[in-house]
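Spelled out from the first residue to the last, the chains are:
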Amino acid sequence: EPSMNKVYGSAAEALEGVLSDGMLVAAGGFGLCGIPELLLAAIRDAGTKDLTFASNNAGVDDFGIGILLQTKQVKKMISSYVGENAEFMRQYLSGELELEFNPQGTLAERMRAGGAGIPGFFTKTGVGTVIAEGKLEKQFPTGPNGEMEDYIMEEGLFADLAIVKAWKADATGNLVFRKTARNFNAPAATCGRVCIAEVEEIVPTGSLDPDSIHLPGIYVHRIIQGDHEKRIEQRTVRQKESA
């Protein structure tokens with residue numbers, strides 16, 4: 001980023017010069033919590049296509065990445081949980097959408113590893129399942145008495161763009177996430193060559209307690225402030241008892 005000013009006026013402005021067809025985007029959020037909804041809407045409006053998204057979920061039909069599935073801008077999903085989304089199911093079953101399933105912890109670690117410059121790592125998760133197909137297997141002495149156990153290699157994710165949602169930022173890009181919205185946002189932010197954060201509030205630089213910062217500003221290139229919707233994924237209320 002040539003300019004030191006990281007604060008942009010809108011999602012569309014922040015995405016200018018960053019989007020390109022066929023790019024890999026890492027997106028924060030879990031279910032409908034901590035979704036970078038303003039940036040997703042701006043990507044939809046920009047019409048960028050053939051996108052690959054690394055994201056725990058694919059949103060629902062009208063929120064999150066779901067809005068980009070409706071407009072057929074997503075070519076492939078690298079995901080863990082893809083339920084609750086009828087359009088995703090339709091596109092996947094009809095062969096219009098590629099899907100790479102990752103166990104949830106593996107996906108989080110792939111993002112974190114990419115952010116740390118680690119191109120590959122070994123995990124037990126998925127050994128002996130369809131997840132292991134085509135992957136390098138290796139044995140390590142990790143059993144209780146040093147027995148050799150099977151591991152599979154997973155690759156770090158190096159995304160062209162990371163889009164995340166935080167609660168607060170200062171102008172230098174230090175981020176604080178709120179409660180569950182911390183989820184995939186921090187590892188996603190680190191693995192993007194460019195990271196754009198949308199936040200509820202931008203506070204003066206120096207006003208955040210250094211010990212309370214969840215993601216250092218060195219990872220964040222552009223910031224926007226905006227109003228966000230507070231969605232509840234599965235609202236369940238107790239039935240009123242009859243008198």
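The structure under discussion appears in the preceding block.
Quick caveat, the model's predicted, so the values are computed rather than measured. (Residues numbered from 1 in each chain as written. Predicted model: local features only at pLDDT ≥ 70, side-chain atom pairs only at ≥ 80, totals over all residues. Heavy atoms only, no water.)

Time to look at the nonpolar core. Among the nonpolar cores identified, the biggest contains 32 residues, and Leu40, Phe53, Val74, Met77, Phe88, Leu161 and Ile163 are the most heavily contacted of them. For this core, the elements supplying multiple residues, two or more each, are helix H1 (11–15), strand E1 (24–27), helix H2 (37–46), strand E2 (51–54), helix H3 (66–70), strand E3 (74–79) and strand E8 (159–170). If one sorts the elements of this core by residue count, H2 sits on top with four residues. Ignoring anything within four residues of it in the chain, the contact list for Phe88 reads Ala58, Leu69, Met77, Val82, Leu97 and Leu99. In this structure, Leu157, Phe177, Ala186 and Ala189 belong to the second largest nonpolar core, which totals 25 residues. (Core = buried A, V, L, I, M, F, W, Y, C linked by side-chain atoms within 4.5 Å. Buried < 20%, exposed > 50% of the residue type's maximum accessible area, 1.4 Å probe, protein only. Helix = DSSP H or I, 4+ residues; strand = E, 2+ residues; numbered from the N terminus. Contact = heavy atoms within 4.5 Å.)

The next thing to look at is the packing of aromatic side chains. Two descriptors summarise a pair of aromatic rings, namely the distance from one centre to the other and the angle between the planes of the rings. This structure, assessed with the given rule, holds two aromatic pairs. Centroid distance Phe122 to Phe140: 5.1 Å. Interplanar angle 65 degrees. Geometry classified as edge-to-face. Of this pair, Phe122 sits in strand E5 (residues 120–123) while Phe140 sits in strand E6 (residues 137–141), placing them 18 residues apart in sequence. The exposure class of Phe122 is partly exposed, given its relative accessible area of 29%. For Phe140, a relative accessible area of 25% gives the class partly exposed. Measuring from centroid to centroid gives 5.5 Å for Phe140 and Tyr151, while their planes differ by 90 degrees, and the two rings are edge-to-face. Of the two residues, Phe140 sits in strand E6 while Tyr151 sits in strand E7 (residues 148–155), which places them 11 residues apart along the sequence. (Phe/Tyr/Trp six-rings, centres within 6.5 Å; stacked < 30°, edge-to-face > 60°.)

The three strands lie next to each other as E5-E7-E6, forming an open sheet whose pairing is antiparallel. In this open sheet, the two edge strands, each paired with only one partner strand, are E5 and E6. Strand-to-strand twist of the sheet, defined as the mean angle between neighbouring strand axes without regard to direction, takes the value 40 degrees. Where helix H5 (residues 104–115) meets the sheet, its contacts fall on E5 and E7, and the angle it forms with E5 comes to roughly 155 degrees. (Pairing = 2+ DSSP bridges. Axes fitted to C-alpha atoms, helices over the stretch in contact; angles between N-to-C directions.)

What follows deals with the pairing of E2. In E2, alternate side chains face the same way, and those of Leu51 and Phe53 on one face and Thr52 and Ala54 on the other are all buried. As paired elements, E1 and E2 share three bridges and run parallel to each other. Note that in E2 the partner of Val25 across the bridge is Phe53. Note on the crossover from E1 through H2 to E2: the handedness is right-handed. Note that E2 and E3 share four bridges and pair parallel. (Right-handed = clockwise from strand over helix to strand, strands pointing away.)

Of note, Val176 is situated in strand E9 (residues 175–176). Its relative accessible area of 10% is what places Val176 among the buried residues. Sequence separation between Val176 and Pro119 is 57 residues; the distance between their C-alpha atoms is 27 Å. For Val176, the contacting residues outside a window of four places in its chain are Ala166, Trp167, Lys168, Leu208, Ser212, Ile213 and His214.

Moving on: helix H4 (residues 86–93). An α-helical segment advances 3.6 residues per turn. Residues three or four places apart therefore align on the same side. Regarding H4, the residues found buried are Glu87, Phe88 and Gln91. Viewed along the axis of H4, the buried residues span an arc of 100 degrees, placing them on a single side of the element. Structurally, the start of H4 carries an N-cap: the backbone nitrogen of Glu87 is 3.3 Å from a side-chain oxygen of Asn85. Count one or two residues on from H4 and you reach Gly95, which has phi positive near 80 degrees. (Arc of directions from axis to C-beta. Polar contact = N/O pair within 3.5 Å; in protein donor to acceptor, adjacent residues only side chain to side chain.)

Scanning the model with the defined rule gives 12 salt bridges in all. Notably, a salt bridge pairs Asp45 with Arg44, separated by 3.2 Å at the nearest N-O pair. Residue classification places Asp45 among the exposed residues on the basis of a relative accessible area of 59%. A salt bridge links Arg110 to Glu100; the nearest nitrogen and oxygen atoms lie 3.0 Å apart. (Salt bridge = Lys/Arg side-chain N within 4 Å of Asp/Glu carboxyl O.)

Here we take up H2. Within the span of H2, buried status applies to Glu37, Leu39, Leu40, Ala42 and Ile43. Residues of H2 that are buried sit in contact with H1, E2, H3, E8, strand E10 (192–203) and strand E11 (222–225). Of the residues trailing H2, Gly47 is marked for its positive phi of about 75 degrees.

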